[in-house]
Amino acid sequence: MQALLDQDKAFKNFFEKRGHYPKFKSRYDRQAIRYQLDQRQIERTYHAGETLKLPKLGTLNLRWSQIPAGTPKMVTVSKTPDGRYFVSFACEVEISSLPLTGQTIGVDLGIKDVAVSSDGWKSGNPRHLKSQLKHLKRQQRFLSRKQKGSHRRYRQRLKVARMHARIAAMRQDFLHKTTTALVRRADVIALEDLNVKGMLKNHHLAGAIADVGMGEFRRQIEYKAAWAGRKVVVVDRWAPTSKTCGHCGSHQRRMPLSVREWTCPDCQTRHDRDVNAANVILKLATAGNAGCHARGGGKNLGDHESPTPVEARTDAEKFIEAAGLERAA
Ligand SMILES: [Zn+2]
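Below is a summary of the structure that appears in this document.

Analysis parameters
- Residues numbered from 1 in each chain as written.
- Predicted model: local features only at pLDDT ≥ 70, side-chain atom pairs only at ≥ 80, totals over all residues.
- Helix = DSSP H or I, 4+ residues; strand = E, 2+ residues; numbered from the N terminus.
- Buried ≥ 20, exposed ≤ 12 C-beta atoms within 10 Å, placed from the backbone.
- Contact = placed C-beta atoms within 7 Å.
- Pairing = 2+ DSSP bridges.
- Axes fitted to C-alpha atoms, helices over the stretch in contact; angles between N-to-C directions.

### Some remarks on the overall build of the protein
Part 1 of the reasoning: When helices and strands are tallied, the protein shows ten helices and twelve strands.
Part 2 of the reasoning: For the protein, buried positions account for 23% of its 329 residues.
Part 3 of the reasoning: Relative to all contacts within the protein whose residues are 6 or more apart in sequence, the contacts with residues 24 or more apart total 63%.

### Focus: the sheet that holds strand 5 (residues 72-79)
Part 1 of the reasoning: The sheet built from three strands is open, its strands ordered 1-5-6 with antiparallel pairing. The sheet terminates laterally at strand 1 (31-36) and strand 6 (85-91), the two strands that pair on one side only. In this sheet, adjacent strand axes meet at a mean angle of 20° when their direction is disregarded.
Part 2 of the reasoning: By the bridge criterion, six bridges tie strand 1 to strand 5 in an arrangement that is antiparallel.

### Overview of the sheet that holds strand 9 (residues 188-192)
Part 1 of the reasoning: The strand order across the open sheet built from four strands is 8-7-9-10, with neighbouring strands paired in mixed fashion. Two strands bound the open sheet, and with one partner strand each, they are strand 8 (115-117) and strand 10 (231-235). Averaged over all neighbouring strand pairs, the angle between strand axes comes to 25°, with direction disregarded.
Part 2 of the reasoning: Across five bridges, the pairing between strand 9 and strand 10 is parallel. Looking at strand 10, one finds that Val 188 is bridged to Lys 231.
Part 3 of the reasoning: Against the sheet, helix 4 (residues 151-185) contacts strand 7 (104-109), strand 8 and strand 9, and its axis sits at roughly 15° relative to strand 8.

### Brief notes about unusual backbone geometry
Part 1 of the reasoning: Even without a glycine there, the phi angle at Lys 56 is positive, about 70°.
Part 2 of the reasoning: Structurally, the position occupied by Lys 56 is in the loop between strand 3 (51-54) and strand 4 (58-59).
Part 3 of the reasoning: With phi around 65°, Gln 268 is a residue other than glycine that occupies positive phi space.
Part 4 of the reasoning: Looking at the element boundaries, Gln 268 is found in the loop between strand 11 (261-263) and strand 12 (270-272).

In short, the description is geometric, and any link to function would need to be established separately.
Written as structure tokens, this is what we have:
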């Protein structure tokens with residue numbers, strides 16, 4: 001039944017030009033089946049943390065990683081490519097907002113730290129994928145050499161899938177911790193809009209960005225903020241945040257990625273590179289672009305040139321530079 005509803009939606013998306021023509025699922029992809037729980041039978045089929053009984057499957061032997069809050073309306077049983085089964089519940093729950101903090105922060109997204117907030121908090125960057133990538137590549141090479149349809153190929157495919165799953169779980173864990181910490185930190189959170197899709201097209205950047213999952217970061221921040229009653233403000237992605245002094249607003253011509261700390265020649269303020277960038281993002285979000293002259297024509301102090309739109313490519317720049325540094329190293 002649920003499958004028919006899904007198919008209907010898929011065709012609608014296609015005819016209304018939102019999606020591609022629906023495909024049959026590959027049996028090697030993630031497998032999933034969804035059940036609408038019959039609310040009249042729920043007393044008999046579901047006991048939180050104890051039993052779940054589904055049509056055709058009977059009573060499932062579950063290891064409960066979490067006890068769902070509220071009564072589940074829908075259950076999804078899925079099989080991951082590495083052969084594990086998961087059950088997830090969709091429940092209706094009243095979510096209470098977090099208490100107000102009175103704080104407003106800007107958040108700079110980057111590579112050295114995935115997120116740095118304007119009040120000085122830094123997330124770090126575990127670089128999971130990178131450290132495991134070499135190993136994974138090797139195993140993938142082995143996989144491609146195995147004969148199609150063979151038992152060894154099947155086993156190798158599971159091995160590669162397990163490695164992917166492990167890396168994905170570690171990344172997800174890190175992102176959840178980071179986004180939760182940020183949402184707890186302030187009532188209003190200002191982010192810069194890095195064009196994640198556009199940047200992933202550039203192969204040199206792809207590794208570093210896919211490694212931390214910028215798109216997923218944004219998604220988590222937004223839904224957690226909505227849950228907690230916080231506000232997320234997204235700032236124009238062409239703002240030269242690293243090159244602008246968060247104190248006086250003057251622009252520096254160059255700010256190579258290797259410069260972690262600097263002193264503004266105009267107001268003598270000492271800056272941590274990323275915390276300053278987060279502060280500039282905060283200012284842009286609260287004052288609007290007028291406050292900091294984000295798009296060219298900046299406040300021209302001393303002999304610093306205001307950035308042209310090309311020079312102010314921003315903060316996408318730091319990814320390009322980082323990719324360059326890595327290649328050089
Ligand atoms: Zn300054």
